[in-house]
Amino acid sequence: MSELEPRRHAKKAVQARRMPSEVVPVPVEEVPDFIRDALTGTSLLDPFAQLASGWFLFDAKLRFLPVDATHTRIEFDAAGKVPGADVLLYTRRLGEIHRFFVALQDELDRREERARRTPHLSAEVGPSIGSNHDERREARTDSDRHDR
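One numbering rule holds for all chains: residues counted from 1, following each sequence as written. Owing to the predicted nature of the model, reporting of local features is limited to residues with pLDDT of at least 70; listing and counting of side-chain atom pairs is limited to 80 or more, with chain, interface and lining totals taken over all residues. Calculation of side-chain values draws on the structure's entire complement of heavy atoms; hydrogens and water are dropped beforehand.

Backbone-to-backbone hydrogen bonds pair the strands of a sheet. The strands run either parallel or antiparallel. Following DSSP output, two strands are said to pair if at least two bridges run between them. Secondary structure elements are taken from DSSP: a helix is a run of H or I of four residues or more, a strand is a run of E of two residues or more, and numbering for both begins at the N terminus. In spatial order, the strands read β1-β3-β2; together these three strands make up an open sheet with antiparallel pairing. Each edge of the open sheet carries a strand with a single partner, namely β1 (21-24) and β2 (58-66). Here the average twist between neighbouring strands, direction ignored, is 20°. As paired strands, β2 and strand β3 (residues 72-80) are joined by nine bridges and run antiparallel to one another. Axis lines are fitted through C-alpha atoms, for helices just across the contact stretch, and the angle between N-to-C directions can take any value from 0 to 180 degrees.

Here we come to the confidence of the model for the chain. When pLDDT is averaged across the chain, the result is 76; 68% of the residues are at 70 or more. At the level of individual helices and strands, the chain shows its lowest average pLDDT in helix α5 (residues 133-139), which scores 46, and its highest in helix α1 (residues 31-39), which scores 92. For every residue, the predictor assigns a confidence score, pLDDT, that lies between 0 and 100. Pairs of residues are marked as contacts when any of their non-hydrogen atoms sit within 4.5 Å. Taken as a whole, residues 125-148 scores under 50 in pLDDT and shows six contacts with residues more than four places along the chain or in a different chain.

In this section: the side chain of E96. Assignment of secondary structure puts E96 in helix α4 (residues 90-130). Setting aside anything within four residues of it in sequence, one finds E96 in contact with L44, S53, W55 and F76.

Let us look at the packing of aromatic side chains. Each pair of aromatic rings taken from Phe, Tyr and Trp, with Trp reduced to its six-membered ring, is defined by centres within 6.5 Å and is described as stacked if the planes are under 30 degrees apart, edge-to-face if over 60, and tilted in the remaining cases. Within this structure, the stated rule accounts for three aromatic pairs. Considering the side-chain rings of F76 and F100, the 4.1 Å spacing of their centres and the 20° angle between planes classify their relative orientation as stacked. Here F100 lies in helix α4 and F76 lies in strand β3, a separation of 24 residues in the sequence. F100 shares its class with F76; the two are buried. Relative to F101, the ring of F76 has its centre 6.5 Å away and its plane inclined at 85°; by these criteria the two rings are edge-to-face. Here the residue F76 occupies a position in strand β3, and F101 occupies one in helix α4, the gap between them amounting to 25 residues. An identical accessibility class is assigned to F76 and F101; each is buried. In textbook terms, an aromatic cluster arises when at least three aromatic residues are bridged by ring pairs, as seen for F76, F100 and F101. Under the scheme applied here, a residue whose accessible area is under 20% of the maximum for its type counts as buried, over 50% as exposed, and between as partly exposed, the area being computed with a 1.4 Å probe on protein chains only.

What follows is the structure, encoded as structure tokens:
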């Protein structure tokens, strides 16, 4: 076959299904708790929202793959339980998959915010633990107290 001739593929050739995934900075052992925290309060766990979105027509597939000691790849896909559900509810399926990954990102942001706040609080509280609060109180003048 020359390079100029078009290549013909088998009629029934099926391309492998690509599972949407995201790498998160969470060890594999902590991923189930991470996902539980991420999905708490979302419409993905609400039975009425699942019914309204047609989620009951899909079978959720979730897989965790370790990337290294501190990172994990989370793969999530929704395959149709009913023939034709993938085609008829394609945009809803993509919306649910997108909502899942947004919930993961929101949980990562919450954890990052908590981690950022924690050292800040410990730096404030740390020096004052051993100090005498009465000395600080005496150092203030009466005018300082009235300015507040």
